Amino acid sequence: MEKIGDSIKGGRSFGPAFERDGTTVIPVAYVVGGGGGGAGTPKVKAPESQPSPGEGSGAGFGFVSWPIGAYVIKNGEVTWRPVFDVHGTLMLLLGVVRLLIKVRQRKR
């Protein structure tokens, strides 16, 4: 269980910082995990002629990590750069809508 806890501790959300041309980048990820386990014994004993359902136990664990952005440190200022650029996506969408409007107008 100790190793499982180490797998999803808060430090896993930040990747190793690296520097390029005087700019430091610290990658950030959303990390989530979970696990479970159980054990059981049959409540009713099986007849002698049938195999016993037996006893069982098991456990499982997993975690996933999604990159969400990076902290960028340049000239002493820290900025957040998300992986998903909302402004860029909106500009692209606006461009596509304008193109579709022009195409429809030409067909008339």
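Quick notes on the rules
- Residues numbered from 1 in each chain as written.
- Predicted model: local features only at pLDDT ≥ 70, side-chain atom pairs only at ≥ 80, totals over all residues.
- Heavy atoms only, no water.
- Phe/Tyr/Trp six-rings, centres within 6.5 Å; stacked < 30°, edge-to-face > 60°.
- Helix = DSSP H or I, 4+ residues; strand = E, 2+ residues; numbered from the N terminus.
- Pairing = 2+ DSSP bridges.
- Axes fitted to C-alpha atoms, helices over the stretch in contact; angles between N-to-C directions.
- Buried < 20%, exposed > 50% of the residue type's maximum accessible area, 1.4 Å probe, protein only.

Go over the packing of aromatic side chains, please, and point to the residues and values.
What the rule picks out here adds up to two aromatic pairs. A ring pair is formed by Tyr30 and Trp66, whose centres lie 5.8 Å apart and whose planes are at 20°; its orientation type is stacked. Taken together, the positions of Tyr30 in strand β2 (residues 23-40) and Trp66 in strand β3 (residues 56-74) put the pair 36 residues apart, joining distant regions of the chain.

How would you sum up the sheet that holds β2? Please name residues and give values.
An order of β1-β2-β3-β4 is seen for the four strands of this open sheet, with the pairing classed as antiparallel. Two strands close off the open sheet at either side, each with one partner strand: β1 (18-20) and β4 (77-82). Mean inter-strand twist for the sheet, computed between neighbouring axes without regard to direction, equals 30°. As judged from the six bridges shared by β3 and β4, these two strands associate in the antiparallel manner. Following the sheet pairing, Ala70 is matched in β4 by Arg81.

Describe unusual backbone geometry, naming the residues involved and giving the relevant values.
Positioned with a positive phi, Asp21 is a non-glycine residue whose angle comes to about 50°. Position of Asp21 relative to the elements: it lies in the loop between β1 and β2. Judged by its relative accessible area of 80%, Asp21 falls in the exposed class. The backbone of Asn75 sits at a positive phi, close to 55°, despite the residue not being glycine. Assignment of secondary structure puts Asn75 in the loop between β3 and β4.

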